[in-house]
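Coordinate analysis (summary)
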Amino acid sequence: EFRRVLFRSVTGAPISRVLVQLVAGSEQSTLTDLEGHFHFAELPASEVTLSARKPGFFSQQEVAQGRPSIPGQQVFHLGPDIPGVVLKLSPESIIFGHIGSGGEAVEGVPVKLISPRIREGRKVWEQSGYATPDEEGNFRISSLLPGTYFVAVGPSTSSLLSNPQAGGYSEVFYPGVSDVQSASPFELAGGEQVEADFSLKREPVFQVSGTISV
């Protein structure tokens, strides 16, 4: 038989209702109980692969690679003297906040998360999350791995075509600056929830049109 415990990696607390899959020729699966235990019985001595999944959590492989959807599999050799094994999952992080302007909620303005990455020895900026505020100006971006995130709001000119005099919102980085170099990053560990509120100002916006020819 194979019986082990899953722990939340940040707190060490057991996690219930984790889908645990075991592959040893054929595939079996089960859910952990309230104490984080799972159980597979009548298994012969062999190599087996274990993986664990639960919405809102990441495997250690996903955390190490900095990308979701990396298979979190571990290989074990079953035998009479197999040592105890702890499979760890890391809870997702969340960034939430409110977008306002002149005391009124702002909806429909794009909210983007941008993260620095090293690609071929160069620093690049990649979008790592996206949300649109609701009618009350609130947004929430979940399923975030541990890492560095910059929050940007805008630009938005949704009212330009119907009412050019209404203006729009230029791109603003938290805590209210115009470029990422001056912005304040969020350094998130597993399971953190942080708030990023914005107060936007309407600005004059202009429309550019033209023709492209050979």
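Residues numbered from 1 in each chain as written. Predicted model: local features only at pLDDT ≥ 70, side-chain atom pairs only at ≥ 80, totals over all residues. Heavy atoms only, no water.

Quick look at the nonpolar core now. Residues Ile95, Ile99, Val151, Phe198 and Leu200 are the most contacted members of the largest nonpolar core, which totals 23 residues. Counting only elements with at least two residues in this core, the list comes to strand E9 (93-101), strand E11 (111-119), strand E13 (138-144), strand E14 (147-153) and strand E16 (186-188). What Ile95 contacts, discounting residues up to four positions off in sequence, is Leu113, Phe139, Arg140, Ile141, Leu144, Tyr149, Val151, Leu188, Val194 and Ala196. (Core = buried A, V, L, I, M, F, W, Y, C linked by side-chain atoms within 4.5 Å. Buried < 20%, exposed > 50% of the residue type's maximum accessible area, 1.4 Å probe, protein only. Helix = DSSP H or I, 4+ residues; strand = E, 2+ residues; numbered from the N terminus. Contact = heavy atoms within 4.5 Å.)

Enumeration according to the criterion identifies four aromatic pairs in this entry. On the numbers, 5.0 Å between centres and 40° between planes, the contact of Tyr174 with Phe186 is tilted. A residue pair is termed long-range when its members are at least 10 positions apart, and Tyr174 in the loop between strand E15 (172-173) and E16 and Phe186 in strand E16 qualify at twelve residues. On the basis of relative accessibility, which here comes to 23%, the residue Tyr174 falls in the partly exposed class. Residue class for Phe186 comes out buried when judged on its relative accessible area of 12%. Consider the rings of Tyr174 and Phe198, whose centres lie 5.8 Å apart with planes at 75°: the pair is edge-to-face. Remark: Phe198 occurs in strand E18 (residues 198-199) and Tyr174 occurs in the loop between E15 and E16; sequence separation between them is 24 residues. (Phe/Tyr/Trp six-rings, centres within 6.5 Å; stacked < 30°, edge-to-face > 60°.)

On to the sheet that holds strand E5 (residues 47-53), then. With antiparallel pairing, the four strands of this open sheet are ordered in space as E3-E2-E5-E7. The open sheet has two edge strands, strand E3 (26-31) and strand E7 (73-77), and neither has a second partner. Across the sheet, the mean angle from the axis of one strand to that of its neighbour is 25°, orientation sign disregarded. (Pairing = 2+ DSSP bridges. Axes fitted to C-alpha atoms, helices over the stretch in contact; angles between N-to-C directions.)

The subject of this paragraph is the environment of Leu145. Its place among the elements puts Leu145 in the loop between E13 and E14. When the C-alpha positions of Leu145 and Gly66 are compared, they lie 6.7 Å apart, and in sequence the two are 79 residues distant.

A separate point is the pattern of salt bridges. Under the definition given, this model contains four salt bridges. Residues joined in a network through salt bridges with shared partners are Arg117, Arg119 and Glu126. (Salt bridge = Lys/Arg side-chain N within 4 Å of Asp/Glu carboxyl O.)

What follows deals with the pairing of E14. For E14, the buried fraction is high: five of the seven residues fall into the buried class. In this structure, E11 lies alongside E14, joined through four bridges in antiparallel fashion. Pairing of Val111 across the sheet is with Val153, part of E14. When E14 meets E16, the two strands line up antiparallel, connected through three bridges. Directly across from Tyr149, in E16, lies its bridge partner Phe186.

In short, shape yes, function no, at least from these values alone.
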